[in-house]
Amino acid sequence: MSDQIKFLLDVEQMPKDWYNLQADLPKPLPPVLHPGTMQPIGPDDLAPLFPMELILQEVSTEREIEIPEPVRDIYTLWRPAPLYRAHRLEKVLGTPAKIFYKYEGVSPAGSHKPNTAIPQAWYNAQAGIKKLTTETGAGQWGTSLSFAGSLFDLEVLVFQVRVSYDQKPYRRALMETYGARCIASPSMETNSGRAMLAKDPNHPGSLGIAISEAVEVAATNDDTKYALGSVLNHVLLHQTIVGQEAMLQLEMAGDDPDVIVGCTGGGSNFAGIVTPFLGQQLRGKGKTKQRRIVAVEPAACPSLTRGKYAYDFGDTGHMTPLTKMHTLGSTFTPPGFHAGGLRYHGMAPMVSHLHQLGLIEATAYHQTACFEAGVTFAKAEGIVPAPEANHAVLGAINEALRKIASHPFIIATFAGFLAAFTGFRAPAALQTMIDNLAQAAAPCALFAMGVTLALRPLKRVPAEIVYIVPAKLILLPACMYLCMSLFGNFPAVWVETALLLSALPTATNVFVIAQQYGLWQE
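Not measured: the values here are computed from a predicted model.

Visitor: I'm lost on the overall build of the chain in this one. Help?
Guide: Check the secondary structure of the chain and you find 22 helices and 14 strands. Buried positions account for 48% of the 522 residues belonging to the chain. Just so you have it, the chain exposes about 25,300 Å², and 61% of that area is on carbon and sulfur atoms.

This is the structure:
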């Protein structure tokens, strides 16, 4: 159905494996380096922070990695997540583009973050770990890990960036409801935090600082591991269930995207939706044309669009290994804008690598414009997007509006107006070609309409045709004849012309419009 809004998968259709883009990359990722030796790190270097199963996932080049059954069982609390067609937003924008959005707000935490929080908590529990530390910005990741910890009886300590800690007190309350402890970062509980507060007692914090505090606690306690909500390969891997579901749902809708837009902070949300499509593209399956993939980031923290592609620390305290990524510098402290989940100095190495290879595009928007786009979306679709998601909403709206501007009718009309306004006269040879094209347009359009009707099986002909055709060919001409005969003393040629025009097929723009909107056309 062309007017279908929601596309749902059965639980049995939920993917059983995560998709690993590393298997299909045309060029492998640069190695992660040890900050002391500047040599590639090994599994033992990461063992103080992560359980071995997650370390193996971090470096794996297998295309599919099985989702453990206990993790899939918990996923079914909210997955598969719905895909929506934004009909109302399309109407508001007046665009011929089709806009779909994958809605991850159905999860317990209200975002995509539980997709990785659940497996990270499970793998740690399987390894006998009792405590987890982490950082969070806006609080979505902290909430998700708190929820996951409650399921596997893990103690969770969350360092929340101070500006978000103050801006979003209900997120802190939700983390505490799940049993976690949440403290503002920088804090007095770690050497990293105390050093920052000594420099500035009112420091607003950053994700880089919060990571330093969480890593410090994990590295100095044998019973504690660290969990990260974005950036690393295994985190992006877990989010690919989003894109895999979306591919199946778009097949249900009978569509395949030309453009995929996602917001980017650390990269997990973006990678989750785009990498399954990108992998298909790299393997040569699906559409032969190349999809445009657009990463949208905040102008106040533009790592992809303005950052340097270089090796850098993932934290401010320089406790993590060095990864090659687009970075604004590990000591960069973003301003306190509301999209706290996008306030990170660096971009995921995988996403940075894709940008370097020219496989994705990147753009940056200011906060006010993103909020305005979010309000437009909310009024049309009924869902109020998070500040982070508003960046993707604005990106999608701009792409849809570009579709209007590039419409052939608009371009041709503008060109014709410009030619008339300037008095342009084409050279004789060019004018002859234009005249020939104009003369051929009507027969070609009629031929296209005839082919469309001829190829349509009778069972696919809309039921409305049964009464539309008699009304058009009999009723309308009859009404026209009566009106022209009874209500005016028109010459016979006028009456005959009106009768003929009322019985003729409508203009060919009906076919063109139907083609643009995917209605009643083959």
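Visitor: Before we go on, may I ask you to explain the sheet that holds strand S1 (residues 6-7) in this structure?
Guide: Pairing between the strands of a sheet is mediated by backbone hydrogen bonds and can be parallel or antiparallel. Pairing in this open sheet of 3 strands is antiparallel, and the strands run S1-S4-S5 from one edge to the other. What marks the edges here is a single partner per strand, and that holds for S1 and strand S5 (100-102). Bridging between strand S4 (residues 83-85) and S5 involves 3 bridges; their strand directions are antiparallel. Within the sheet, the bridge partner assigned to arginine 85 lies in S5 and is phenylalanine 100. Its contacts with the sheet place helix H12 (residues 240-253) against S1, S4 and S5, and it is angled at close to 145° to S5.

Visitor: Would you explain a nonpolar patch on the surface in this entry?
Guide: A contiguous nonpolar surface patch, about 470 Å² in accessible area, is contributed by Phe424, Leu430, Met433, Ile434 and Leu437. If you trace the backbone, leucine 437 turns up in helix H19 (residues 428-455).

Visitor: Sorry, what's going on with the nonpolar core here?
Guide: If you look at soluble globular proteins, the nonpolar side chains tend to sit buried side by side. Core analysis: the biggest nonpolar cluster contains 60 residues, and Trp18, Tyr75, Ile118 and Val351 have the highest contact counts within it. The element best represented in this core is helix H13 (residues 268-282), accounting for 6 residues. Aside from chain neighbours lying at most four places away, what touches tyrosine 75 is Met14, Trp18, Ile67, Pro114, Asn115, Ile118, Pro119, His238 and Ile241. The next biggest cluster of nonpolar side chains, apart from the first, holds 23 residues, and it includes Val163, Ile183, Leu207 and Ala210.

Visitor: Could you clarify how one ought to interpret the packing of helix H16 (residues 367-381) against helix H17 (residues 387-405) in this entry?
Guide: Packed helices, taken two at a time, are described by the angle their axes make and the gap between the axes. The contact between H16 and H17 brings their axes to 8 Å, and the two run at 80°. By the angle class used here, H16 and H17 are roughly perpendicular. Each of Ala369, Cys370, Phe371, Ala373, Gly374 and Phe377 in H16 lies in contact with H17, whose residues at this interface are Pro387, Asn390, His391, Val393, Leu394 and Ile397. Residues that form the contact of H16 with H17 fall into these classes: 9 nonpolar, 3 polar and no charged.

Visitor: What's the story with H12 in this structure? I'm lost.
Guide: Each α-helix winds once per 3.6 residues, and so residues spaced three or four apart point in a common direction. Taking 1.5 Å as the rise per residue, H12 with 14 residues should run 20 Å; its terminal C-alpha atoms sit 20 Å apart, in good agreement. In terms of burial, H12 is largely enclosed, as 10 of its 14 residues are buried. Residues of H12 that are buried include every one of Thr240, Ile241, Val242, Gly243, Gln244, Glu245, Ala246, Met247, Gln249 and Leu250, and no others. Glycine 254 sits one or two residues past H12 and shows a positive phi near 75°.

Visitor: Can you help me understand the pattern of salt bridges in this one?
Guide: On inspection of all chains with the given rule, the structure shows 14 salt bridges. For arginine 72, the salt bridge is made with glutamate 69, and the minimal N-O distance between the two is 3.8 Å. Of the two residues, arginine 72 and glutamate 69 are both situated in helix H3 (residues 69-75); the distance of 3 residues between them amounts to about one turn of the helix. Under the relative-accessibility criterion, arginine 72 is labelled buried at 9%. When the shortest N-O distance is used, the salt bridge between glutamate 245 and lysine 102 registers 2.8 Å. With glutamate 245 in helix H12 and lysine 102 in strand S5, this pair connects stretches of sequence that are 143 residues apart. Of the two residues, glutamate 245 and lysine 102, neither departs from the other in class, the shared state being buried. Linked through salt bridges whose partners overlap, the residues forming this network are Arg79, Lys102, Glu104 and Glu245.

Visitor: Can you help me understand the sheet that holds strand S10 (residues 259-263) in this one?
Guide: Strand order across the open sheet formed by 3 strands is S10-S11-S14, with parallel pairing between neighbours. In this open sheet, the two strands that pair with only one neighbour each are S10 and strand S14 (361-365). Sheet twist, expressed as the mean angle between neighbouring strand axes with direction ignored, is 25°. Relative to S14, strand S11 (residues 292-298) runs parallel, the two being bridged by 5 bridges. The residue bridging alanine 295 from the neighbouring strand is alanine 362, located in S14. Along the sheet face, H13 touches S10 and S11 and points at about 155° away from the line of S10.

Visitor: Would you take a moment to explain the environment of glycine 395 for this structure?
Guide: Secondary-structure assignment places glycine 395 in helix H17. With 101 residues separating them in the primary sequence, glycine 395 and valine 294 have C-alpha atoms 7.9 Å apart. Glycine 395 has contacts with Val261, Val296 and Tyr365, leaving out every residue within four places of it along the chain.

Visitor: Even after reading the chapter, I still don't get helix H9 (residues 191-199), so can you show me in this structure?
Guide: Those residues of H9 that fall on the buried side of the exposure criterion are Ser192, Gly193, Met196 and Leu197. Buried residues along H9 cover an arc of 125° about the axis, so they all sit on one side. Pointing more than 90 degrees away from the buried face of H9 are the exposed residues Asn191, Ala198 and Lys199. Contacts from the buried residues of H9 go to helix H10 (207-219).

Visitor: Please explain the pairing of strand S13 (residues 322-327) as it appears in this structure.
Guide: In regular strands, side chains alternate between the two faces of the sheet. Burial analysis of S13 places 5 of its 6 residues in the buried class, the great majority of the element. Sheet topology places strand S12 (residues 308-313) next to S13; 6 bridges connect them, and they run antiparallel. In the strand pairing of S13, alanine 310 is matched with methionine 325.

Visitor: Looking at this model, I keep getting lost on the side chain of serine 303. Mind explaining?
Guide: By the element assignment, serine 303 lies in helix H14 (residues 303-306). Looking at serine 303, the relative accessible area reads 1%, which means it is buried.

So, how was this worked out
- Residues numbered from 1 in each chain as written.
- Predicted model: local features only at pLDDT ≥ 70, side-chain atom pairs only at ≥ 80, totals over all residues.
- Heavy atoms only, no water.
- Helix = DSSP H or I, 4+ residues; strand = E, 2+ residues; numbered from the N terminus.
- Buried < 20%, exposed > 50% of the residue type's maximum accessible area, 1.4 Å probe, protein only.
- Areas by Shrake-Rupley, 256 points an atom, 1.4 Å probe, with all protein chains shown as cover.
- Pairing = 2+ DSSP bridges.
- Contact = heavy atoms within 4.5 Å.
- Axes fitted to C-alpha atoms, helices over the stretch in contact; angles between N-to-C directions.
- Patch = residues over 30% accessible without salt bridge, like charges linked within 9 Å, V, L, I, M, F, W, Y side chains within 5 Å.
- Salt bridge = Lys/Arg side-chain N within 4 Å of Asp/Glu carboxyl O.
- Core = buried A, V, L, I, M, F, W, Y, C linked by side-chain atoms within 4.5 Å.
- Parallel < 35°, antiparallel > 145°, perpendicular 65-115°, else oblique.
- Nonpolar A, V, L, I, M, F, W, Y, C, P; charged D, E, K, R; others polar.
- Expected span 1.5 Å × (residues − 1).
- Arc of directions from axis to C-beta.

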